[in-house]
Amino acid sequence: MRTVSNSSMKNDVEMKVNNDIKKDIRRNRCMIVRKMTAVLCAVLLAFSLGGCGSKKTEEAVSIDVSELAEALLETVTSDTLSETASSMIPSIYYLDEEDVVSAAAYASSGATACEVAVIESADTDGAENVETKMQTRVDNQAELYASYNQSEAARLDTAIIKSNGVYTVLCVCDDTDRAEEILEEYGF
């Protein structure tokens, strides 16, 4: 029979403890690597989905502003709109003349808030400026109509202002669903 000395037993215990510690260290390293991999994958996924937001990617459109404005006229049924002289459009919509390449607009005599305007700008920065100015126009008109014709002020709450590329559209009309369909057909 073999006798085991205390020192030998002590060595065996130390070796076993050391092996257990080494296994724990390896296990912890593996867990850390797995966690880091999971975090890295989550970050990559977040960045890759960042471009998949709800904002629609717009393709540059090329339209005839007069043609689109005339098409939108059919959405106004409560009034007959008159064509606005192109020289007046910048002052009516508070636009800088250098922002306007071409434009077509139709407006009411004042009986209703209905109006249609399609503006082509020199560049997308100009179109953003036009869109901002059109919102100012709608806000001012809403304030004006609120003082004497509440139903027309309410119509301005559904005003459509959209831009795509260098084009901006304002449409205050009776049939906003049809106006949206027309705008979609033209790429807005």
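Throughout what follows, the structure given in this document is the object of discussion. (Residues numbered from 1 in each chain as written. Predicted model: local features only at pLDDT ≥ 70, side-chain atom pairs only at ≥ 80, totals over all residues. Heavy atoms only, no water.)

So, the overall build of the protein chain
Here is the rule: The secondary structure listing takes helices from DSSP runs of H or I that are at least 4 residues long and strands from runs of E that are at least 2 residues long, numbered from the N terminus. Exposure is judged per residue with a 1.4 Å probe applied to protein chains only, and the accessible area is read against the type maximum: over 50% gives exposed, under 20% gives buried, and values in between give partly exposed. Here, Shrake-Rupley sampling with a 1.4 Å probe gives the accessible areas, and only protein chains in the shown set may cover a residue.
Scanning the protein chain from terminus to terminus reveals six helices and five strands. Counted from the first residue to the last, the protein chain has its helices and strands arranged as α-α-β-α-β-β-α-α-β-β-α. Within the span of the protein chain, comprising 188 residues, buried residues form 32% of the whole. About 12100 Å² of surface is accessible on the protein chain, with carbon and sulfur atoms providing 52% of the total.

Focus: the pairing of strand β4 (residues 160-164)
Formally: Two strands are counted as paired when DSSP detects at least two bridges linking them.
Of all five residues making up β4, four are buried, and the element is well covered by its neighbours. Hairpin connection between β4 and strand β5 (residues 167-172): a loop of two residues separates the two successive antiparallel strands, and Gly165 in this loop has a positive phi of roughly 65°.

Overview of the nonpolar core
Keep this limit in mind: For our purposes a nonpolar core is just a set of buried Ala, Val, Leu, Ile, Met, Phe, Trp, Tyr and Cys residues, chained together by side-chain atoms within 4.5 Å. Contacts between residues were defined by any pair of non-hydrogen atoms, one from each residue, lying within 4.5 Å.
Counting 24 residues, the largest nonpolar core has Ile63, Leu68, Leu72, Val118 and Phe188 as the members making the most contacts within it. Secondary structure elements with two or more residues in this core: α2 (65-73), β2 (102-107), β3 (115-120), β5 and α6 (176-185). Non-local contacts of Val118, meaning those with residues more than four positions away in its chain, are made with Ile63, Val65, Leu68, Ala69, Leu72, Ser102, Ala103, Ala104, Thr168 and Val169. Formed by 18 residues, the second largest nonpolar core is a distinct cluster that contains Ile89, Tyr93, Ala117 and Met134.

Considerations on the pattern of salt bridges
A pair can form between side chains of opposite charge whenever their charged atoms are brought close. The test is simple: In what follows, salt bridge is the name for a side-chain nitrogen of Lys or Arg lying within 4 Å of a carboxyl oxygen of Asp or Glu.
A complete count under the given rule lists seven salt bridges for this structure. We note a salt bridge from Arg155 to Glu152, for which the minimum N-O separation is 2.8 Å. Pair noted here: Arg155 and Glu152 are both in helix α5 (residues 150-156), with a separation of three residues, about one helical turn. The pair Arg155 / Glu152 is uniform in exposure class, with both members buried. If you follow the salt bridges from partner to partner, you end up with Glu74, Arg178, Glu181 and Glu185 in one network.

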